[in-house]
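Observations on chain architecture
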Amino acid sequence: MAEWERLPVDEQERVVGRRKADSAPLDIGGGEGAPLDSHKEKSSVTMADGTEVEMLRRSFPYADEREAGLLFVCFVRDPAQYEAVKNQMVSPATNGRHVGKDAIERFYTAVAGGYYFVPPLSDRDGYIGDFFFA
Ligand code: HEM
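Considerations on the overall build of the chain
Looking only at helices and strands, the chain features 4 helices and 6 strands. Element order for the chain, N to C, with α for helix and β for strand: α-α-α-β-β-β-β-α-β-β. Expected size for 134 residues packed as a compact globule is a radius of gyration near 14 Å; at 18 Å, the chain overshoots this value by more than 25%. Residues classed as buried in the chain amount to 22% of the 134 residues present. Considering only residue pairs separated by 6 or more positions, the chain has 35% of its internal contacts joining residues 24 or more positions apart.

A few points about the side chain of Glu 13
Checked against the element boundaries, Glu 13 lands in helix α2 (residues 9-16). Lacking a salt bridge, the buried Glu 13 has Arg 19 as its closest oppositely charged neighbour, with an N-O distance of 5.7 Å. Beyond its immediate chain neighbours, meaning those up to four positions away, Glu 13 contacts Arg 18, Arg 19, Lys 20 and Leu 26.

Side note on the pattern of salt bridges
Tallying each qualifying case throughout the model produces 5 salt bridges. Arg 19 is the partner of Asp 22 in a salt bridge, and the nearest nitrogen-oxygen pair spans 2.5 Å. The exposure class of Arg 19 is partly exposed, given its relative accessible area of 41%. The residue Arg 66 makes a salt bridge to Asp 64 at a minimum N-O spacing of 3.0 Å. Among the residues examined, Arg 66 registers a relative accessible area of 67% and is labelled exposed. For Asp 64, a relative accessible area of 35% gives the class partly exposed.

Digging into the pairing of strand β3 (residues 68-71)
One ladder, built from 4 bridges, connects strand β2 (residues 60-63) with β3; its direction is antiparallel. Among the inter-strand pairings, Phe 60 is bridged to a residue of β3, identified as Leu 71. The hairpin formed by β2 and β3 contains 4 residues between the paired strands.

A short note on the coordination of the iron atom of the ligand
For the iron atom of the ligand, the protein contributes exactly one donor atom, His 39 (NE2), at 2.0 Å. Summarising the element assignment, His 39 is placed in helix α3 (residues 39-42).

Examining the site of the ligand
Around the ligand lies a shell of 14 residues, among which Arg 18, His 39, Arg 57, Phe 72 and Tyr 82 are the nearest. Here an oxygen atom of the ligand and a side-chain polar atom of Arg 57 are 3.1 Å apart. By residue number, the principal contributor to the shell around the ligand is helix α4 (residues 79-90), which donates 4 residues. Here the shell around the ligand is composed, by residue class, of 8 nonpolar, 2 polar and 4 charged.

So, the packing of aromatic side chains
The tally for this structure, following the rule as stated, stands at 3 aromatic pairs. Taken together, a centroid distance of 5.1 Å and an interplanar angle of 85° make the contact between Trp 4 and Phe 107 edge-to-face. Of the two residues, Trp 4 is situated in helix α1 (residues 2-6) and Phe 107 in the segment after β6 (97-98); the sequence distance between them amounts to 103 residues. Here the aromatic rings of Phe 72 and Tyr 82 are separated by 6.4 Å at their centres, their planes lie at 35°, and the arrangement is tilted. Of this pair, Phe 72 sits in the loop between β3 and β4 (74-75) while Tyr 82 sits in helix α4, placing them 10 residues apart in sequence. Assessed through its relative accessible area of 41%, Phe 72 is described here as partly exposed. Each residue in the set Phe 72, Tyr 82 and Tyr 115 is aromatic and connected to the rest through ring pairs, giving one cluster.

Conventions adopted
- Numbering of residues begins from 1 in every chain and follows the order in which that chain's sequence is written.
- Selection of residues for local features in this predicted model requires a pLDDT of at least 70, selection of side-chain atom pairs for listing and counting requires 80 or more, and totals for whole chains, interfaces and linings are taken over all residues.
- Derived side-chain values reflect all non-hydrogen atoms in the structure, with water molecules and hydrogen atoms excluded from consideration.
- In this description a helix means any DSSP run of H or I spanning at least four residues, a strand means any run of E spanning at least two, and both kinds are numbered starting from the N terminus.
- To get the radius of gyration, use the C-alpha atoms; to get the globule rule, take the number of residues to the power 0.38 and multiply by 2.2 Å.
- Note on classification: 1.4 Å probe, protein chains only; a residue is buried when its accessible area is under 20% of the maximum for its type, exposed when over 50%, partly exposed between these limits.
- Contact criterion: two residues are considered in contact whenever any of their non-hydrogen atoms come within 4.5 Å of each other.
- Two residue types count as positive, namely Lys and Arg, and two as negative, namely Asp and Glu; His and chain ends fall outside the count.
- Salt bridges are defined as contacts in which a side-chain nitrogen from Lys or Arg sits within 4 Å of a carboxyl oxygen from Asp or Glu.
- Following DSSP output, two strands are said to pair if at least two bridges run between them.
- In this description, a donor is an N, O or S atom within 2.8 Å of the metal centre, a cutoff extended to 3.2 Å for sodium, potassium and calcium. Water is not part of the atom list, which can make sites seem incomplete.
- By convention in these notes, a residue is near a molecule or strand provided one of its non-hydrogen atoms lies within 4 Å of it.
- Contacts described as polar in this section are N or O atom pairs within 3.5 Å, which, within protein, must combine one atom able to donate a hydrogen with one able to accept it, while residues neighboring in sequence count only if both atoms come from side chains.
- Here the term charged refers only to Asp, Glu, Lys and Arg, the term nonpolar to Ala, Val, Leu, Ile, Met, Phe, Trp, Tyr, Cys and Pro, and the term polar to all other amino acids, Gly among them.
- Any Phe, Tyr or Trp ring, taking Trp's six-membered ring, that has another such ring centre within 6.5 Å forms a pair; planes under 30 degrees apart are called stacked, those over 60 apart edge-to-face, and the others tilted.

Written out as structure tokens, the structure is:
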């Protein structure tokens, strides 16, 4: 966090690819969009079948006097979707083009993770696996 806080806001915005004040997509000028290594660009992935990865994110930032971090939580239909995004973030390439890895990678270290099955909710006949929780 100390390294992040030292960055001027315009550089933070280039790392994320969004304007800090209102989250609007950053345009670095001339309609070029956000920097190609920004988190916004690197976390945007098209799968081999041409579909764009869609994920619902529900992360939890935390900080105390010892450490700060983000419990990154996302919901996807298939773990391969999450993996495609994370792989592109740490890869120096995007769609075969060398753009460098996700600029946000400099600011955190992943320490643990897990995959969980989340049954869908239904107000009619229950949901798959509901007997596990009865
Ligand atoms: C410490 C790690 C991370 C930080 C601090 C972080 C931070 C952010 C921020 C500030 C945004 C833009 C604001 C927003 O839309 O909420 C964002 C967007 C996003 N992040 Fe992360 N993120 C982290 C890790 C990840 C990981 C591990 C993934 C997926 C593997 C991910 C996927 C995304 C996606 C898909 C977006 C939407 C892209 C967009 O802005 O249009 N992030 N993240």
